[in-house]
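Here's the letter readout for the chains.
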Amino acid sequence: MSNALSDRLEATRILFDLQQGTEIVQSLAGCLEPEEIARRVTDGLVARFDCAFARLWLLEEDLGILKLVASSGLYTHTNGSFSRVPMGAYKVGKIAQNRVSFLSNNLPQESWVGDRDWAIANNMNGFAGYPLTVGERVVGVLAFFSHGRLEPEFLEVLQTLCAIATIALDNAIQYQKEKQIWLSHPPTVENPVLSDRLVSILKTTRLTLIGTERSLSPPVNFLFLQVAECLKQSGCSYGRLIYAEESVTLEALVPTMRSKAKHWLQVQLEQLNFMLRSLGGAMRVQISPNNRAIEVVLSIPYVCERDRQVLSEREVEILTLLTRGDRDRDIADRLVISESTVKFHINSVMAKLKVRTRYQAIHQALINGWIQ
């Protein structure tokens, strides 16, 4: 087999795995129950990949304990000896404590395996353990057991899935915490509207309300409040809450007090992007023309529009051909355009989606449902 054909088949396999991972990611959209998100991840791994069983633990921070919340495949129970694992204990606890992923393709020979006979009898050879982290915080651990060998290329796909699942889990955990506060401290009057709640957070910010306030869903309220907390910590000086005909928008200005202000905000807000996309929203963070402030614009439609597209028809057409493994030359011949024009459109797509590689662009387009 020639190197060119081998490379093309390998790219096709990676794209197929990306599509399988994307289907799992898409199943998480709109879910704000951590245990349900965890179950969808483990179920998806078993259904779409060569996985004997998969398990996911979430960290109970106050106790320093990893709690098993989802198990799919050969074992579906969440009780037993590994249902609660202390940080640093066993391989799962060490992965969480050290925040280092682990891979083995010879599980029966690993010294940390307590029952080698079990591994041999069940033909367990591959193991991958991933810490689910947001910044320096540990959210949980995902463990993946397989009968066959785990290839490095597949692990990159699995890492991408873990990164997105972690954000979804963290958003859901934070939402559930706030929900418990709402339930444990019910207001004596009607629930405050979003503008009132923003004022309570952004106490030193000059806020303006434009339009007639509407009742928003708990996930939408939660997302705006999370953004407000970020703005508060960055010293937001001005904000506008705008109720337009089809969407609600928060515009904010943050003085550029230090050079890292924009980067810090981008990192904090990026963690909310998964939930934002699931609600059909969009967010922009940029320096103002006079370089004196950081502009933050967050907009969410009243009705989620998952099929809203930011790519042109030609760009979608080229991305679709890329998923089939076509080279630039093949795409140019098929569309009767030059190869340089194909590259121009691909670069345009990467710029619009703010990604660095073609595979990342395809992955993003698949998540948003722009290509099949």
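Our subject in this report is the structure included herewith.

Cut-offs and rules
- Residues numbered from 1 in each chain as written.
- Predicted model: local features only at pLDDT ≥ 70, side-chain atom pairs only at ≥ 80, totals over all residues.
- Heavy atoms only, no water.
- Pairing = 2+ DSSP bridges.
- Helix = DSSP H or I, 4+ residues; strand = E, 2+ residues; numbered from the N terminus.
- Axes fitted to C-alpha atoms, helices over the stretch in contact; angles between N-to-C directions.
- Contact = heavy atoms within 4.5 Å.
- Phe/Tyr/Trp six-rings, centres within 6.5 Å; stacked < 30°, edge-to-face > 60°.
- Buried < 20%, exposed > 50% of the residue type's maximum accessible area, 1.4 Å probe, protein only.
- Expected span 1.5 Å × (residues − 1).
- Salt bridge = Lys/Arg side-chain N within 4 Å of Asp/Glu carboxyl O.
- Parallel < 35°, antiparallel > 145°, perpendicular 65-115°, else oblique.
- Left-handed = near helix turned anticlockwise from the far one by under 90°.

Further remarks concern the sheet that holds strand S1 (residues 53–60). Spatial ordering of the open sheet is given by S3-S2-S1-S6-S5-S4, a layout of 6 strands whose pairing is antiparallel. Two strands bound the open sheet, and with one partner strand each, they are strand S3 (84–86) and strand S4 (102–104). The average angle at which neighbouring strand axes cross in this sheet is 20 degrees, direction not considered. In the sheet, S4 pairs with strand S5 (residues 126–134) via 3 bridges, with the strands oriented antiparallel. In the strand pairing of S5, Leu103 is matched with Ala128. In the packing of helix H2 (residues 34–48) onto the sheet, contacts are made with S1, strand S2 (65–73) and strand S6 (137–146), and the angle to S2 comes to roughly 40 degrees. Lying over the sheet, helix H3 (residues 90–98) contacts S1, S2, S3, S4, S5 and S6, oriented at roughly 35 degrees with respect to S5.

Before going further, it helps to examine the packing of aromatic side chains. Enumeration according to the criterion identifies 10 aromatic pairs in this entry. Measuring from centroid to centroid gives 6.4 Å for Tyr75 and Trp118, while their planes differ by 35 degrees, and the two rings are tilted. Of the two residues, Tyr75 sits in the loop between S2 and S3 while Trp118 sits in helix H4 (residues 116–121), which places them 43 residues apart along the sequence. When its relative accessible area of 24% is taken as the criterion, Trp118 is described as partly exposed. For the pair Phe102 and Trp112, a centre-to-centre distance of 5.8 Å together with 80 degrees between the ring planes defines the contact as edge-to-face. Taken together, the residues Phe102 in strand S4 and Trp112 in the loop between S4 and H4 connect sequence positions 10 residues apart.

Let us now look at helix H7 (residues 218–233). Here H7 spans 23 Å end to end across 16 residues, near enough to the 22 Å set by a 1.5 Å rise per residue. When we look at burial in H7, the residues that qualify are Pro219, Val220, Asn221, Phe222, Leu223, Phe224, Leu225, Val227, Ala228, Cys230 and Leu231. Downstream of H7 by a residue or two, Gly235 has a phi angle that is positive, lying close to 80 degrees.

Quick look at the pattern of salt bridges now. The full count for this structure, using the stated rule, is 16 salt bridges. Ionic pairing is found between Arg39 and Glu36, a salt bridge with its closest N-O pair at 2.4 Å. Highlighted residues: Arg39 and Glu36, both in helix H2, separated by 3 residues, approximately one helical turn. Across the pair Arg358 and Asp328 runs a salt bridge whose closest N-O atoms are separated by 2.7 Å. With Arg358 in helix H13 (residues 358–367) and Asp328 in helix H11 (residues 328–335), this pair connects stretches of sequence that are 30 residues apart. A relative accessible area of 32% places Arg358 in the partly exposed class. Among the charged side chains, a network of salt bridges with common partners joins Glu36, Arg39, Arg40 and Asp43.

Further remarks concern the environment of Leu59. Relative to the helices and strands, Leu59 is located in strand S1. Separated by 82 residues in sequence, Leu59 and Val141 place their C-alpha atoms 8.2 Å apart. The contact partners of Leu59, leaving out residues within four places of it in the chain, are Gly64, Ile65, Leu66, Met87, Val138, Val139 and Gly140.

Moving on, we get to the packing of helix H10 (residues 313–323) against H11. Between H10 and H11, the shortest axis-to-axis distance is 10 Å and the interhelical angle comes to 130 degrees. With respect to their mutual orientation, H10 and H11 come out oblique. For the element pair H10 and H11, the recorded crossing hand is right-handed. Packed against H10, whose contacting residues are Arg314, Glu317, Ile318, Leu321 and Leu322, the element H11 presents Asp328, Ile331, Arg334 and Leu335 at the interface.

What follows is about the sheet that holds strand S11 (residues 293–301). The strand order across the open sheet formed by 5 strands is S7-S8-S9-S11-S10, and the pairing between neighbours is mixed. Strands at the two margins of the open sheet, each flanked by one partner only, are strand S7 (206–210) and strand S10 (282–287). Pairs of neighbouring strands in the sheet enclose a mean axial angle of 10 degrees, with direction left out of account. Summarising the sheet, S10 and S11 pair through 6 bridges and their orientation is antiparallel. Directly across from Arg284, in S11, lies its bridge partner Val297. Packing of helix H6 (residues 194–201) onto the sheet brings it into contact with S7, strand S8 (238–243) and strand S9 (247–255), and relative to S8 it is tilted by some 170 degrees. Where H7 meets the sheet, it contacts S9 and S11, and its direction lies at approximately 5 degrees from that of S9.

Here we come to the environment of Phe127. Assignment of secondary structure puts Phe127 in strand S5. Its relative accessible area of 2% is what places Phe127 among the buried residues. In this structure, the C-alpha to C-alpha distance between Phe127 and Ala143, residues 16 residues apart in sequence, is 7.2 Å. Residues in contact with Phe127, not counting those within four places in the same chain, are Lys91, Ile95, Phe102, Leu103, Ser104, Leu107, Trp112, Ala143, Phe144, Phe145 and Leu150.

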